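The lines below spell out each chain.
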Amino acid sequence: MQYKEFTRREQQAIRRLVTDMCANYDDKYGCLPLNGICYMFTIISPNSPPCKYFRDAVLPLNPSLETVFSGIRETKPCKICGAEFAPTGRQAYCSEKCRHISRRLATAARVRKHRQQMQM
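Conventions we followed
- Residues numbered from 1 in each chain as written.
- Predicted model: local features only at pLDDT ≥ 70, side-chain atom pairs only at ≥ 80, totals over all residues.
- Heavy atoms only, no water.
- Helix = DSSP H or I, 4+ residues; strand = E, 2+ residues; numbered from the N terminus.
- Rg over C-alpha atoms; globule rule 2.2 N^0.38 Å.
- Buried < 20%, exposed > 50% of the residue type's maximum accessible area, 1.4 Å probe, protein only.
- Areas by Shrake-Rupley, 256 points an atom, 1.4 Å probe, with all protein chains shown as cover.
- Salt bridge = Lys/Arg side-chain N within 4 Å of Asp/Glu carboxyl O.
- Core = buried A, V, L, I, M, F, W, Y, C linked by side-chain atoms within 4.5 Å.
- Contact = heavy atoms within 4.5 Å.
- pLDDT = per-residue confidence, 0-100.
- Axes fitted to C-alpha atoms, helices over the stretch in contact; angles between N-to-C directions.
- Parallel < 35°, antiparallel > 145°, perpendicular 65-115°, else oblique.
- Left-handed = near helix turned anticlockwise from the far one by under 90°.
- Nonpolar A, V, L, I, M, F, W, Y, C, P; charged D, E, K, R; others polar.

1. Focus on the overall build of the protein
The helix and strand inventory of the protein stands at five helices and four strands. Along its sequence from the N terminus, the protein presents helices and strands in the succession α-β-β-α-α-α-β-β-α. What you see for the protein is a C-alpha radius of gyration of 20 Å, clearly larger than the 14 Å of a compact globule of 120 residues, by over 25%. Counting only C-alpha atoms and orienting by the principal axes, one finds that the protein spans roughly 75 × 35 × 20 Å. Sorting the 120 residues of the protein into buried and exposed places 27% on the buried side. Entry remark: accessible area of the protein is about 9200 Å², with carbon and sulfur atoms responsible for 53%.

Listed below in structure tokens is the structure:
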């Protein structure tokens with residue numbers, strides 16, 4: 001197993017999840033069960049075990065970060081909105097909405113090209 005560290009963006013996502021969504025975290029006191037700094041702020045590798053509450057209740061709120069911790073699949077950015085997602089197969093977009101937008105853009109480009117050829 002290779003040692004992999006979190007990227008800066010992944011560390012920011014962990015910090016954001018803890019400060020915004022964790023019920024055990026308080027701005028004034030930190031982690032309430034530990035009476036100090038949250039363990040998740042100091043974690044540097046997906047190979048390290050996360051806090052149990054964070055893993056069970058908070059991590060599912062961010063699927064791309066959840067896949068980083070599980071190590072099962074890599075994430076990639078959506079071609080339209082840029083959101084990170086774990087693709088299933090050859091999936092290129094994170095949602096049906098992005099897929100629909102992409103299809104509309106491709107159709108508009110194709111029709112525009114066709115109209116230009118008709119004017120010549």
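2. A closer look at the pattern of salt bridges
Using the criterion set out here, one finds two salt bridges in the structure. One salt bridge connects Arg99 with Glu96, and the closest N-O pair in it is separated by 2.6 Å. Separated by three residues within a single helix, Arg99 and Glu96 lie in helix H5 (residues 96–119), roughly one turn from each other. The class of Arg99 is partly exposed, set by a relative accessible area of 34%.

3. Here's the deal with the environment of Pro63
Mapped onto the elements, Pro63 comes out in helix H4 (residues 63–70). Separated by 21 residues in the primary sequence, Pro63 and Glu84 place their C-alpha atoms 8.5 Å from one another.

4. As for the nonpolar core
Looking at soluble globular proteins, one finds that nonpolar side chains tend to be buried together. Counting 18 residues, the largest nonpolar core has Ile14, Val18, Cys38, Met40, Phe54, Leu65 and Phe69 as the members making the most contacts within it. Ranked by the residues each element gives to this core, the list is headed by helix H1 (residues 8–21), at four residues. Here Leu65 is in contact with Glu10, Ala13, Ile14, Leu17 and Leu59, once residues within four sequence places are set aside.

5. Overview of H4
Turning to H4, its buried residues number three or more, namely Ser64, Leu65, Thr67, Val68 and Phe69. Its buried side turned inward, H4 meets H1, helix H2 (39–42), helix H3 (52–58) and strand S4 (84–85).

6. A word on the confidence of the model for the protein
As a note on interpretation, predicted positions should not be read in detail where pLDDT is low. Mean pLDDT for the protein: 82, with 94% of residues reaching 70 or above. Within the protein, H2 has the poorest average pLDDT of any element, 75, and H5 the best, 94.

7. Some details on the packing of H1 against H4
Here H1 crosses H4 at 115 degrees, and the two axes come no closer than 11 Å. The pairing of H1 with H4 is recorded here as roughly perpendicular in orientation. Considering how the two elements wind past one another, H1 and H4 form a crossing that is left-handed. Contacts from Glu10, Ala13, Ile14 and Leu17 in H1 reach Leu65, Val68 and Phe69 in H4. The class makeup of the residues in the contact of H1 with H4 is six nonpolar, no polar and one charged.

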